[in-house]
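# Examining the three-dimensional arrangement
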Amino acid sequence: MLDLLPDPMHEPTLIAIPFFLALLVAEWLAAWKLEDHDEDGPDSGRSRPPRGAYEKRDARASITMGLVSIATSTAWKVLGLLVYTAIFVYLAPWQLPITAWYTWVIGFVAVDVLYYWNHRISHRVRLVWATHQAHHSSEYFNFATALRQKWNISAALVMWLPLPFLGVPPAVVFAAYGVNLVYQFWIHTERIDRLWAPIEFVLNTPSHHRVHHGSDPEYLDRNYAGVFILWDRLFGSFRAETHRPRYGLTSPVDTYNIWKLQTREYVAIARDVRSAKGLRARIGYIVGPPGWAPSPAPSAKRAGRMDPPREVSESAAAVNSR
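This section reports on the structure supplied with the text.

Parameters at a glance
Along each chain, the written sequence defines residue order, and numbers are assigned to residues from 1. For this predicted model, a pLDDT threshold of at least 70 governs which residues receive local features, and a threshold of 80 or more governs which side-chain atom pairs are given and counted, while totals over whole chains, interfaces and linings are taken from all residues. The basis for the side-chain values is all heavy atoms of the structure; hydrogens and waters are excluded. Going along the chain from the N terminus, every DSSP run of H or I of four or more residues is numbered as a helix, and every run of E of two or more is numbered as a strand. Residue burial is assigned from relative accessible area. The probe radius is 1.4 Å, only protein chains are included, and a residue is buried under 20% of its type maximum, exposed over 50%, and partly exposed in between. For this analysis, residues touch if any pair of their heavy atoms sits within 4.5 Å. Residue-level accessible areas treat just the shown protein chains as cover; the underlying method is Shrake-Rupley with a 1.4 Å probe. Think of a nonpolar core as a cluster: buried Ala, Val, Leu, Ile, Met, Phe, Trp, Tyr and Cys residues, connected wherever their side-chain atoms sit within 4.5 Å. A helix is expected to span 1.5 Å multiplied by its residue count minus one.

### Things to note about the overall build of the protein
From N to C terminus, the protein includes 15 helices and zero strands. Counting across all 322 residues of the protein, residues that qualify as buried make up 49%. A separation threshold of at least 6 residues defines the contact pool for the protein, and within that pool the share at least 24 residues apart is 76%. With the model as given, the accessible surface of the protein reaches about 15600 Å², and the carbon-plus-sulfur share is 67%.

As C-alpha cells, this is what we get:
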C-alpha cells in the first residue's frame, strides 16, 4: 500500500526535519539576540518567561521527547496499518482510488476533522489526557515545544477507524496525518503576530494556537484545530487571543525528566483509582475530565460532616489545552 506513494509521503514528518531544525535555530537566535520582556507583567504570584524565550533544559526535554516519539509512533502506525489494511480490503463497501485527487482531498479534510475531535476528547477524558498532557507541560511556547510530542497515539488510531471503513486508503490516512503534524509545527511560536484576517478565519495560526496552550481560565479547552480553525468556530470551542497567555499546565510540573513528563498522569490516575471508594468513583477518575472528583455523599452534607474538598492531584488539575 505505501509503495503507491511517492517516497516523501511515506513519513512527511521525517522529510520535514531539516525544515524544523532551520526554524528552531532561527527562532533560538532571535531569542538570543533580541531582549524581550513580559509587558503583561507577572500574575498568579509567579513570573513567566519572556516572549519567545528558550531555556536549555526545557528545550532539550522537548527535542528528546520528539525524537523518542518518532520511534514510538512508528510502532503504533505499523499496528494501525495492519488493522486499517484489513478493514480497507475486506470490510469497506467501496475503495477510493489512491491515484485520484479527490481521494487525497477527502482524506486530508476527514483526518483534520477527526483530529479536532480526538484532540477535544484528549482534553476532556482523563485517560486520553494522560497521553497528551506532556505536550502542554512546558511554560515556554516556541518551536522546541512543537516537538514535545506524546509517545502514545492509540487514541488517534481509534479515532481514524471510520476512514478505512469508508474506503479511504490507509496510506492516505497516514500521509494526511503526517502533513497535518508538519503544518502544526510553525504555529508554535510567539514571533508571528496575527495574520491577514481571512487566513485567521479559516486556518489555525500561531495566534489561535497560543490560546490553546494557555493555562489562563478563559483560554482553557479552546482552539483544538489541527489545520482548519473552522472546526472550532463550527463546534463552539473557538476563542480569539486577547492577551498573552500563560503557558504550561495549571499546576507546574517542575521537572525536565522526560519519563516523568510522559507518565505522571498515568501514575496519578492509578493512585486515585486505588484510593477511590466505589465503582463509580473509580470509573470517574479514569474517564471523567481532568480534575474530576466525586461529590460528597448527601448524608454527609445533611449531617454537617463534609470533609474538606479533596485536593486534586497536580496532574489531574492540569485541564490545559494543546
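Picking up where we left off.
### Considering the nonpolar core
Ranked by size, the top nonpolar core spans 21 residues in total, and within it V111, W160, L163, V173 and Y177 carry the most contacts. Secondary structure elements with two or more residues in this core: α4 (101-124), α7 (154-159) and α9 (170-185). The biggest single contributor to this core is α9, with seven residues. Filtering out sequence-adjacent residues up to four positions away, Y177 remains in contact with K77, V111, Y115, I153 and W160. With eleven residues, the next largest nonpolar core counts L24, Y54, A146 and V182 among its residues.

### Focus on α9
Along its 16 residues, α9 runs 23 Å from first to last C-alpha, staying within 8% of the 22 Å computed at 1.5 Å per residue. Judged by how many residues are buried, α9 sits mostly within the fold: 15 of 16 residues are covered.

### Some thoughts on the environment of A59
Structurally, the position occupied by A59 is in helix α3 (residues 56-90). Spatially, the C-alpha atom of A59 lies 8.9 Å from that of S138, the residues being 79 residues apart in sequence. Among all residues touching A59, those that are not within four sequence positions of it are Y54 and A144.

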